[in-house]
Every structure is written in structure tokens, then in C-alpha cells.
Amino acid sequence: MTIPAALDALETFLGQRLSRSKSDLALHARSETHFPEMPPDAVAYPESTEEVSRIMKLCAEHGCPVIAWGVGTSLEGHTAAVEGGICLDMSRMNRVLEIQAADMDVRVQPGVTREALNEELRATGLFFPIDPGANATLGGMAATRASGTTAVRYGTMRDNILGLEVVLADGRVIRTGTRARKSSAGYDLTALFIGSEGTLGIITEITLRLHGQPEAISAGVCAFESFQGAVEAVIETIQMGLPMARIEFLDEASAIAVNDYAGMGFPEKPHLLFELHGSPESVAEDAARFGEIVTDHGGSGFEWSDRAEDRKALWAMRHNAFYAIKALRPGALTLVTDICVPISRLAQAVEETREDILASGLPGPILGHVGDGNFHAALLIDPANPSEMETAKALSHRMVERSLALGGTATGEHGVGLGKRAYMASEHGDGWEVMGQIKNALDPAGILNPGKLVP
């Protein structure tokens, strides 16, 4: 009952698809942020649900931990092998299995990335809208309940998954949900596995809801004299029911970062980035109404365009903002944290967070998906100065406490992983213990992504 015995057993049928090379282990030990590298003992590359099931049966027999891996874009240490074991790299399970255009759904394997899926869908007039920025795998996005820039209109992964195929810790394969748009048949097991971060089972297939490609799309940007004005413009926009597809925020420091990194030429002020979907007439009307709101709250430089190349450049800049911010302090570690609050408390949460970061002396640009009350702080830390890490962690801690006090959550989209596990009891109370009981029922040996999410 050891990890080496499990690896020997796995090698008999995986052959070279069970890798113990130093480069492979190092690749699957890395993190996008400040967490230390924690390599697995081996990396397995399954190619089918049947192989995943066989792997899980052998790992259960030998008590070997299993950590599922997409492309490694998570930010809270989700894929760290804290107890060793095997990393289950799902990159070879990357097929779009079935497109049902008439029903506006698609069945995919977990290794398909969101960009690859939308490329496959281009000829159908449909698209999959969830856009977390990184070209993440759909399996990873399901496991972390991802969202992103378009959540204000299209919702999160929770709202766009109809069903799953999941391999449990003992190797059993189950299907959750159906292609029907609603059901009253029993517990919602699909929702249970969405956001479970690989602690309850390995997702091997996903049925996704699709949306029609909008007839017209316009995107634009505007600057504000004050931090408060930008946030209040967002709140009024949402409360008026203006159907924004995206509405993103950059503070002054983020604007400076993207200017240096992408040559954007933004004024060194807070900015909103937005996108509208609909008919040509509705997009033009909504842009005009949004322009009025911007002006009322001290905004200026309101510009929008329906040219695809302009939109592409704008959102490429936004998606690369994390790397632009990191470039402000070369060689720094980055503690990236996110919270989400009710829209009515957004201005207070952002302003208090900003003041706290300024008082700390650490560089900490703020940006995020403020259209649904979700924002991020990227705290840049000198790795040679341990006190800066302590300061950053204290800032992150106060952000979470502030969010919970305002009726929000410890994480709007990054997930729990290692980084937010300490706040689960505060947010969920006895509900966190119930999560642990569910985990114990489905994974009594604790081999699925141990050390994450649950008690």
C-alpha cells in the first residue's frame, strides 16, 4: 500500500504514458502565483474514461493520491501535490465528441480548451461564452466553477453545464444530469461536482450549454477622474438593467502596467472596459445610454468600436493584464486574490481595499469583473524580503474578512485550493463540515486532491 507500488502497477498498462522525468514533474509542480513547487511522484496521461477508471482503481487499492491537471492556470495552489502521488494530466482527452446545434449543446472531453471549442463551433453560429482569460481546459473550468469577463451576461460554469461524466475515487463511472433543460429528478449531482476542485471525482466528459453568436458586438473604454466614480457607474449600469456582456475595471496602477506592457496609451486614471452584444440597433442604443451614465459619474474619453480587430486588441490587453502587472516589478512573486460582494457594496469594498493596499506600501494594482461584484488585487512581493509576504497575506486576509462582513464570499472565481481553505469555516459555518462528510462518503481514503478545499 505505497505510492511506488501504485506507480509500478500503473506502468504496466500506461507504459511511457506514465512519466517520472524531472522536466515533467517540474512542469506539473509549478504555480502561476506565490505557492512553492510541490511535484508529484509521476504524471499519467490517460486517453479514455476507461483508463481513468482503471487508474483510480489501482490508486485506491494502493492509497496513492491523484491530482487532476488541465493546463495549470489555477491561482490558488489547486494542483499542488501536497502528499505526492500522481498528477493526472488530461491533455490527451481533448476531443469535441458531439455538437447538437438544434438543442444548442455540446459534449466534450475535459482536455478541450475553451478556445479550441469555439474554433470548432464557428460554422454553427453558436459559441461557448465563459472566458476566464487564460485558455483553460473545460475540465479545469468545471472543476473550479470558473467564470470571467462575460459572467455578467452569460453566468458562470455553473450556469452553463448540463451534465457530467465523473470517475469516482473507487473507479466507478457515473453520469450526472441530462441534455434536458430542466429536471426534478433527485439530488443535483452535477452541481455537486462543479467547483469540487477534483476532491470528489475526476471529470471525464462535460455537456455544455451553448449560445447564439450575437448579430452585433461593440466594445470600448472610458476613463474616470476618481476611483469612486468608476465603481458607481458600474453599479448604476447594473441596477438599470443595461445588458452589458462585459464590464471590467482597471485602477490607475493597472492602466500604467498595460501601457508599459502593451503600448495602450491610456491616461493614468481608473478605466472601465465594456462590451455589448445584440442587434446593431440595440447595441448602439445601449452604448449611448452607457455613455450618459459614464458622463454623469465623471467619466471621459468614452470610445467604442464594432471592428473585430479593435475588440480583439482590447480584450487581449485585458487578458494579459496579470502579466503586465507582474512586469511592473521584475522578479517579484505575485499573490493574486479575489473577492466578490453584492453589487450594492462594491464601492465600499473596492475603496477600503485600495486604501489598505496604499497604506501597506506594497504594489497592488486592482482590476476585475466588477459587473458582477468580483475584483482582484495582484500583490507584488520581493522574494528576498519575507516581511513583504507577511504583509501581502495580511492584506489578503483583510480583503476576505471585509467581503464576508459585506455579505460576500472569500473567492468569486479563483476557487479555494490551498490559498482560501482557511476561510471556509468562516464563510460556511457547519456547512463546511457537511462538505467534509460528503468528501468522506465519496473518497473515504482521501486520495483525491488531498489537502484542498474540505476539512
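Conventions used here
- Residues numbered from 1 in each chain as written.
- Predicted model: local features only at pLDDT ≥ 70, side-chain atom pairs only at ≥ 80, totals over all residues.
- Heavy atoms only, no water.
- Helix = DSSP H or I, 4+ residues; strand = E, 2+ residues; numbered from the N terminus.
- Buried < 20%, exposed > 50% of the residue type's maximum accessible area, 1.4 Å probe, protein only.
- Contact = heavy atoms within 4.5 Å.
- Lys, Arg positive; Asp, Glu negative; His and termini not counted.
- Charge placed at Lys NZ, Arg CZ, Asp CG, Glu CD.
- Salt bridge = Lys/Arg side-chain N within 4 Å of Asp/Glu carboxyl O.
- Expected span 1.5 Å × (residues − 1).
- Arc of directions from axis to C-beta.
- Core = buried A, V, L, I, M, F, W, Y, C linked by side-chain atoms within 4.5 Å.
- Phe/Tyr/Trp six-rings, centres within 6.5 Å; stacked < 30°, edge-to-face > 60°.
- Lys NZ or Arg CZ within 6 Å of the ring centre and 35° of its normal.
- Pairing = 2+ DSSP bridges.
- Axes fitted to C-alpha atoms, helices over the stretch in contact; angles between N-to-C directions.

*Asks:* Honestly, the overall build of the protein chain in this entry has me stumped. Any pointers?
*Replies:* Per the secondary structure count, the protein chain includes 17 helices and 18 strands. Considering only C-alpha atoms, the protein chain reaches an extent of 65 × 55 × 40 Å along its principal axes. Here the protein chain, with 455 residues, has 55% of them falling under the buried criterion. Counting contacts in the protein chain only where the partners sit at least 6 residues apart, residues at least 24 apart contribute 72% of the total. Of the charged side chains in the protein chain, 38 are positive and 60 negative; the average position of the first set lies 5 Å away from that of the second.

*Asks:* How should I be thinking about the pattern of salt bridges in this particular structure?
*Replies:* One side chain can pair with another of opposite charge once the charged atoms of both are near each other. If you walk through the whole model with that rule in mind, you get 30 salt bridges. Between Arg-307 and Glu-309 there is a salt bridge, with its nearest N and O atoms 3.1 Å apart. Given the relative accessible area of 44%, Arg-307 is considered partly exposed. In this structure, the salt-bridge partner of Glu-352 is Arg-402, at a minimum N-O distance of 3.3 Å. One end of the pair, Glu-352, is in helix α14 (residues 346-360); the other, Arg-402, is in helix α15 (residues 386-405), with 50 residues separating them in the sequence.

*Asks:* Help me understand helix α12 (residues 308-319), please; the structure alone is not making it clear to me.
*Replies:* The periodicity of an α-helix, 3.6 residues per turn, causes residues three or four positions apart to be oriented the same way. Look at α12: 16 Å from first C-alpha to last across 12 residues, which is about the 16 Å you get at 1.5 Å a residue. When we look at burial in α12, the residues that qualify are Arg-311, Leu-314, Trp-315, Met-317 and Arg-318. Down the axis, α12 shows its buried residues gathered within 150° of arc, on one side only.

*Asks:* Could you clarify how one ought to interpret the environment of Val-106 in this entry?
*Replies:* With respect to the element layout, Val-106 can be found in strand β6 (residues 105-108). When sequence neighbours within four positions are dropped, the list of residues in contact with Val-106 reads Val-96, Glu-98, Ile-99, Leu-117, Ile-206, Thr-207, Leu-208 and Leu-210.

*Asks:* Could you clarify how one ought to interpret the nonpolar core in this entry?
*Replies:* For soluble globular proteins, the rule of thumb is that nonpolar side chains tend to be buried together. Counting 44 residues, the largest nonpolar core has Leu-272, Phe-290, Leu-346 and Phe-375 as its most contacted members. Ranked by residue count, the leading element in this core is helix α9 (residues 227-239), at 6 residues. Beyond its immediate sequence surroundings of up to four residues, Leu-346 is in contact with Val-231, Val-234, Ile-235, Val-341, Val-370, Gly-373 and Phe-375.

*Asks:* I would appreciate a short explanation of the packing of aromatic side chains in the present structure.
*Replies:* Pairs of aromatic rings are described using the distance from one ring centre to the other and the angle between the two planes. Going through the model one piece at a time under the given rule, you end up with 6 aromatic pairs. Measuring from ring centre to ring centre gives 4.8 Å for Phe-274 and Phe-290, while their planes differ by 65°; the resulting arrangement is edge-to-face. Linking Phe-274 in strand β14 (residues 271-278) with Phe-290 in helix α11 (residues 280-296), this pair joins segments that are 16 residues apart in sequence. Ring plane angle 70° and centroid distance 5.2 Å describe the contact between Phe-322 and Tyr-323, whose orientation is recorded as edge-to-face. The ring of Trp-315 has Arg-246 sitting right over it, with the charged end atom 4.8 Å from the ring centre.

*Asks:* Even after reading the chapter, I still don't get α9, so can you show me in this structure?
*Replies:* A rise of 1.5 Å per residue sets the reference length of α9, with its 13 residues, at 18 Å; its end C-alpha atoms lie 19 Å apart and thus fit the reference within 8%. For α9, the complete set of buried residues consists of Phe-227, Gly-229, Ala-230, Val-231, Ala-233, Val-234, Ile-235 and Thr-237. A positive backbone phi angle near 80° is found at Gly-241, which sits one or two residues after α9.

*Asks:* Before we go on, may I ask you to explain the pairing of strand β4 (residues 86-89) in this structure?
*Replies:* One face of the sheet, then the other: side chains in a regular strand alternate in exactly this way. The alternating pattern of β4 places Ile-86 and Leu-88 on one face and Cys-87 and Asp-89 on the opposite face, and all of these are buried. Pairing of strand β2 (residues 42-44) with β4, which is carried by 3 bridges, proceeds in the parallel orientation. Bridged to Ala-42 within β4 is Ile-86. Taken together, the 4 bridges between strand β3 (residues 66-69) and β4 define a ladder with parallel strand orientation.

*Asks:* When you look at the sheet that holds strand β12 (residues 216-224) in this model, what are you seeing that I'm missing?
*Replies:* Within a sheet, each strand pairs with its neighbour through backbone hydrogen bonds, oriented either parallel or antiparallel. The strand order β15-β12-β14-β13-β17-β18-β16 describes an open sheet built from 7 strands, whose pairing is antiparallel. The two strands at the open ends of the sheet, each matched to only one other strand, are β15 (299-305) and β16 (333-340). For this sheet, the mean angle separating the axes of adjacent strands, direction not counted, is 15°. Bridging between β16 and strand β18 (residues 374-381) involves 8 bridges; their strand directions are antiparallel. Bridged to Val-336 within β18 is Ala-378. In this fold helix α10 (residues 252-262) packs onto β13 (244-250), β14 and β17 (366-369), with an angle of close to 95° to the strand it touches most, β13. Sitting on the sheet, α15 is in contact with β16 and β18, with an inclination near 5° to β16.

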